[in-house]
Amino acid sequence: MDENPFADPNQVNPFMDPSVMQVSSQSTTVGAGLDDPFGAPAEPATVPVAPVISQPAPQPTVQPVSTGYSAPAPTGYGGGGYGSQTASFNSQPPKQYGNEETMHKQKLVEDEFRKREEDLERRERQLREEQKRLEDARVYGDRVPNFPPIPAFFPCTPCVYHNIDFDIAPEHQLSVRRVFYHWQFTVFCYLFNFIVCLGMICALGTKAGSAFGLSLLYAGLFIPLSFLTWYRMLYNAVRTDSSMRYMLFFFFYGWHIVVFGVGALGINNGGVAGWITAFKTMEDNKALGVLGIIVSLAWCANCLIAVYLIMQIHKTYRSTGQSMEKASGEFAASAGSNRNVAQAVLRSL
């Protein structure tokens, strides 16, 4: 320590006294074993302890949860330095359970909405059909025309109501069906005859022109007339139990039997490829002659079927108690209820 420049040089330091210095040295020796707060810490005494072996407590098994994230590799301070390596991620995004549940609920809502929309469209379609049915019922009653079966896109519509199972009694349905099938066979005969005559005019030229023209006229005229005059007449006669309609059926059906017989003969240039026309055409074209023979056989079969059916219908007519007198009474009642007919009768008197 530097000397005090202001101290008196002649003053004696009391701590420099020999007795004081001796006591100070003893105090230092005695406190050598004590802890010095400003010095180095004393080393603790080592006490030997016996090792204790204990079993570790069982830990619960925890399944690892994959989050799609891999921790970065541990790196020290050397080399690339801390943070030199970046974290790596899997190519698949982390699975988000909340989003899948939301999408599932949204899909259920969309399906429910679609079902309701389809149900509304179905009900609307049913209402339109019911409205159309009511409109038809207002015009035609409950008997909506359904024959002939014409597609919806066709400009024409069905003309008459036809339902044998609904209109005809079970004991008469077989007879009416047979006549209906016979009418269909008649349509086939007229169309087949027209095709053969068309082939004749193509092969023989103008020599078969009249036959082709008449065959076209027969097909276009007699097909609808046969339906209205004898099949439809029988249908309504059986449905309404009308003697007058039975009599009209016998008249028109008998007339068509005569037409079938004339068609089977096949008068030359008569518009029907019957026997005479077929053998004459065989001289010029054998193929057309063979087709003419097939048409002749069809006309013969048609005529024989018609004879058989008219006999069966006549038996039904007799079994149901129909008679000429009843038919005359129905005709008189129908003519009297018709204003035009009544006025014509009054003017003739």
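Below or above, wherever it landed, is the structure these notes cover. Computed from a prediction, not measured in an experiment: that's the story for all the values here.

Before going further, it helps to spend a moment on the overall build of the protein chain. Scanning the protein chain from terminus to terminus reveals 10 helices and two strands. Counting helices and strands in the order they occur from the N terminus, the protein chain gives α-β-β-α-α-α-α-α-α-α-α-α. By the burial criterion, 25% of the 349 residues in the protein chain qualify as buried.

Looking at where Phe-250 falls in the secondary structure, it is placed in helix α6 (residues 243-265). The exposure class of Phe-250 is buried, given its relative accessible area of 15%. For the pair Phe-250 and Trp-230, spaced 20 residues apart in sequence, the C-alpha to C-alpha distance is 7.6 Å. What Phe-250 contacts, discounting residues up to four positions off in sequence, is Ile-310, Ile-313, His-314 and Tyr-317.

Here we take up the side chain of Thr-229. Within the element layout of this structure, Thr-229 appears in helix α5 (residues 209-240). For Thr-229, a relative accessible area of 14% gives the class buried. From its side chain, Thr-229 meets the backbone oxygen of Leu-225 in a polar contact 2.4 Å long. When sequence neighbours within four positions are dropped, the list of residues in contact with Thr-229 reads Leu-248, Phe-252 and His-256.

The relation between two aromatic rings is expressed through the spacing of the ring centres and the mutual angle of the planes. Under the defined criterion, the tally for this structure stands at 25 aromatic pairs. Ring geometry for Phe-188 versus Phe-192: centroids 5.7 Å apart, planes at 25°, classification stacked. Placement of both Phe-188 and Phe-192 in helix α4 (residues 173-204) is noted, with a separation of four residues, approximately one turn of the helix. Assessed through its relative accessible area of 46%, Phe-188 is described here as partly exposed. A relative accessible area of 18% means that Phe-192 is categorised as buried. Here a set of aromatic residues connected by ring pairs shows up, and it is made of Phe-147, Phe-180, Tyr-181, Trp-183, Phe-227, Tyr-231 and Tyr-235.

The next subject is the side chain of Thr-186. Checked against the element boundaries, Thr-186 lands in helix α4. When its relative accessible area of 0% is taken as the criterion, Thr-186 is described as buried.

This paragraph deals with a nonpolar patch on the surface. Together, Val-258, Val-262, Leu-265, Ile-267 and Ile-276 give the surface a local cluster of nonpolar side chains, amounting to about 450 Å² of exposed area. At three residues, α6 tops the list of elements feeding residues into the nonpolar patch. Inspection of the secondary structure puts Val-258 in helix α6. Judged by relative accessible area, which is 53%, Val-258 ranks as exposed.

How each quantity is defined
Every chain's residues receive numbers from 1 upward, in the order its sequence appears when written. Reporting in this predicted model follows two pLDDT cut-offs: at least 70 for local features of residues, and 80 or more for side-chain atom pairs to be given and counted; totals over whole chains, interfaces and linings ignore these cut-offs and use all residues. To obtain the side-chain values, all non-hydrogen atoms of the structure were used and water was disregarded. Helical segments are the DSSP runs of H or I of at least four residues, strand segments are the runs of E of at least two, and each set is numbered from the N terminus. Each residue is assigned to one of three classes by its accessible area relative to the maximum for its type, calculated with a 1.4 Å probe on protein chains only: buried under 20%, partly exposed between the two thresholds, exposed over 50%. Contacts between residues were defined by any pair of non-hydrogen atoms, one from each residue, lying within 4.5 Å. Throughout this description, a polar contact denotes any pair of N or O atoms lying within 3.5 Å of each other; where both atoms belong to protein, one of them has to be capable of donating a hydrogen while the other can accept it, and for residues adjacent in sequence the pair is counted only when both atoms sit in side chains. Here a pair means two rings of Phe, Tyr or Trp (six-membered ring of Trp) with centres within 6.5 Å. Their orientation is stacked below 30 degrees between planes, edge-to-face above 60, and tilted elsewhere. Residues with no salt bridge and a relative accessible area higher than 30% make up the patches, which join like charges within 9 Å and nonpolar side chains (Val, Leu, Ile, Met, Phe, Trp, Tyr) within 5 Å. Note on areas: these come from Shrake-Rupley sampling with a 1.4 Å probe, and a residue is covered only by the protein chains present in the view. Should a side-chain nitrogen of Lys or Arg be within 4 Å of a carboxyl oxygen of Asp or Glu, the pair is scored as a salt bridge.

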